[in-house]
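Descriptive analysis of the structure
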Amino acid sequence: MKNPSAGDDGGADYGGGADHDGGANDGRGADDDGGMKAAANTMPRSAASSPVASSPAASSPAVSSSVVSSHAPMLPAASSRTIWWHVYPLGFTGAPIRSDDIAGRRTVHRLTRIIDWLDYLRDLGCDGLLLGPIFQSATHGYDTVDYYSIDSRLGDEDDFRALARACHAKGIALMLDGVFNHVGIDNPLFRKELSDVRAGAGSDGADATGGRLFSIVAKADGTVDYPVFEGHGDLPEINHDGAAAADLVDDVMDYWMDRGADAWRLDAAYAVPTGFWRRVLPGVRARHPDARLPGEVLHRH
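Below is a short write-up of the structure. Please read all numbers here as calculations on a predicted model, not as lab measurements.

Calculation notes
Residues numbered from 1 in each chain as written. Predicted model: local features only at pLDDT ≥ 70, side-chain atom pairs only at ≥ 80, totals over all residues. Heavy atoms only, no water. Helix = DSSP H or I, 4+ residues; strand = E, 2+ residues; numbered from the N terminus. Buried < 20%, exposed > 50% of the residue type's maximum accessible area, 1.4 Å probe, protein only. Contact = heavy atoms within 4.5 Å. Areas by Shrake-Rupley, 256 points an atom, 1.4 Å probe, with all protein chains shown as cover. Salt bridge = Lys/Arg side-chain N within 4 Å of Asp/Glu carboxyl O. Expected span 1.5 Å × (residues − 1). Phe/Tyr/Trp six-rings, centres within 6.5 Å; stacked < 30°, edge-to-face > 60°. Lys NZ or Arg CZ within 6 Å of the ring centre and 35° of its normal. Core = buried A, V, L, I, M, F, W, Y, C linked by side-chain atoms within 4.5 Å. Lys, Arg positive; Asp, Glu negative; His and termini not counted. Pairing = 2+ DSSP bridges. Axes fitted to C-alpha atoms, helices over the stretch in contact; angles between N-to-C directions. Parallel < 35°, antiparallel > 145°, perpendicular 65-115°, else oblique. Left-handed = near helix turned anticlockwise from the far one by under 90°. Nonpolar A, V, L, I, M, F, W, Y, C, P; charged D, E, K, R; others polar.

This part takes up the overall build of the protein chain. From N to C terminus, the protein chain includes eight helices and 13 strands. Here the protein chain holds 301 residues, and the buried ones make up 51% of them. By sequence separation, contacts in the protein chain at least 24 residues apart represent 77% of the contacts at least 6 residues apart. By element, 49% of the accessible surface of the protein chain is carried by carbon and sulfur atoms, the whole surface being about 12800 Å².

Here it is, written out as structure tokens:
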């Protein structure tokens with residue numbers, strides 16, 4: 001089977017990897033322009049030849065109609081035995097990683113290209129599709145700008161629903177990448193709080209951050225300070241101690257599970273206080289008892 005490598009319009013390298021659920025195997029690394037690459041665990045690089053995520057049936061005669069038709073539809077129930085095929089959608093579909101301003105982007109319906117690969121996923125022996133970031137972001141996807149919108153480089157909510165329906169028709173569970181430790185610096189929620197602090201809204205100092213979504217502190221010299229993810233200045237961290245963060249994450253998880261997602265990969269879970277997950281996840285599990293919620297744990301500080 002061919003392995004799509006780099007998009008012909010500037011996408012980062014794709015690497016569809018099969019991950020066994022129970023702690024997401026992320027394997028991300030920065031590409032030359034700051035984009036992210038997913039882990040490639042199942043298909044050899046020597047097989048790479050196609051520049052975009054074209055239909056596997058068109059790129060390889062090994063996928064026969066008898067194989068494609070052999071997967072009987074069934075309701076997916078993501079479990080600890082689910083084997084996930086990990087795909088980085090922006091790179092896999094050939095989307096540009098570095099693009100113009102978000103407001104000026106046109107919507108390109110790339111996300112549904114993954115549908116043509118679902119039979120290949122089943123042929124690998126997988127029964128889960130783990131997507132890298134698909135929400136509106138400025139660059140590589142891990143700098144979220146809007147948790148409630150599909151990245152316009154990938155399409156829109158109708159495209160997501162179509163992919164979810166196609167997965168479920170083939171008995172494939174669908175996992176989304178929940179980047180809930182930090183956001184992109186262009187996120188309107190962050191920009192609003194930053195503006196408020198600079199304008200002197202509320203009291204200054206660390207004690208004033210408790211009810212906010214971000215821990216932005218005004219300094220005596222007129223500048224502001226806030227924590228960022230692992231030194232990346234464009235990735236301000238969410239304030240997980242306040243109720244605002246719990247309410248946001250709870251709502252976002254529900255929103256997309258109500259629209260077809262079956263599971264969430266909790267990105268950078270090692271960087272989030274464990275008490276935060278204790279507050280949020282029980283409610284999510286109560287409303288979605290079949291949900292799988294593995295976290296990315298690379299190390300402990």
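With that settled, the discussion passes to the pattern of salt bridges. In total, this model carries 11 salt bridges according to the counting rule given. Each of the salt bridges in this network shares a partner with another, and the network as a whole consists of Asp177, Arg265, Asp267 and Glu296.

In this model, helix α5 (residues 157-169) (13 residues) spans 18 Å end to end at C-alpha, consistent with the 18 Å of a helix rising 1.5 Å per residue. If you check which residues of α5 are buried, you get Asp159, Phe160, Ala162, Leu163, Ala164, Ala166 and Cys167. In this structure, the buried side of α5 is in contact with α4 (118-124), β5 (128-131), β7 (144-150), β8 (173-178) and α7 (243-257). Trailing α5 by a residue or two, Gly171 shows a phi angle of about 75°, which is positive.

Before going further, it helps to spend a moment on the packing of aromatic side chains. Scanning the model with the defined rule gives 15 aromatic pairs in all. Here the aromatic rings of Trp85 and Trp117 are separated by 6.3 Å at their centres, their planes lie at 25°, and the arrangement is stacked. Of this pair, Trp85 sits in strand β4 (residues 83-87) while Trp117 sits in the loop between α3 (89-92) and α4; the two residues are 32 residues apart in sequence, bridging distant segments of the chain. With respect to burial, Trp85 and Trp117 carry one shared label: buried. Taken together, a centroid distance of 5.6 Å and an interplanar angle of 40° make the contact between Tyr147 and Phe180 tilted. With a gap of 33 residues between them, Tyr147 in strand β7 and Phe180 in the loop between β8 and α6 (188-198) connect regions that are remote in the sequence. With relative accessibility at 2%, the residue Phe180 sits in the buried group. Taken together, the ring pairs connect Phe135, Tyr147, Tyr148, Phe160, Phe180, Tyr255, Trp256 and Trp264 into an aromatic cluster. In this structure, Arg259 is placed above the aromatic ring of Tyr255, and the distance from its NZ or CZ to the ring centre is 3.5 Å.

So, about the nonpolar core. In terms of nonpolar packing, the biggest core is built from 59 residues, with Leu129, Met253 and Trp264 touching the most fellow members. Ranked by residues supplied to this core, first place goes to α7 with eight residues. In this structure, Trp84, Ala173, Met175 and Ala263 belong to the second largest nonpolar core, which totals five residues.

To continue, consider the side chain of Glu193. Tracing the backbone through its elements, the reader meets Glu193 in helix α6. It turns out Glu193 is buried and unbridged, and the closest side chain with the opposite charge, Arg212, is 5.0 Å from it. When neighbours within four sequence positions are excluded, Glu193 is seen to be in contact with Arg212, Leu213, Phe214 and Ile216.

Direction of pairing for strand β6 (residues 135-137) relative to β7: antiparallel, over a ladder of three bridges. The residue of β7 that forms the bridge with Phe135 is Ile150. Linkage of β6 to β7, two consecutive antiparallel strands, is achieved through a turn of six residues, within which Gly141 is found at a positive phi near 105°.

Here we take up the packing of α7 against helix α8 (residues 274-287). It is the contact of α7 with α8, at a shortest axis distance of 10 Å, that shows an interaxial angle of 30°. When the axes of α7 and α8 are compared, the pair comes out roughly parallel. Of the two possible hands of crossing, α7 and α8 adopt the one that is right-handed. In contact with Ala245, Ala246, Val249, Asp250, Met253, Asp254 and Met257 of α7, α8 contributes Phe276, Val280, Leu281, Val284 and Arg287. For the contact of α7 with α8, a count of residues per class yields nine nonpolar, no polar and three charged.

A separate point is the pairing of β5. Neither face of β5 is left uncovered, since the one carrying Gly128 and Leu130 and the one carrying Leu129 and Leu131 both have all their residues buried. Relative to β5, β4 runs parallel, the two sharing four bridges. Pairing of Val87 across the sheet is with Leu131, part of β5. As paired elements, β5 and β8 share three bridges and run parallel to each other. Counted as the bridge partner of Leu130 is Met175 from β8.

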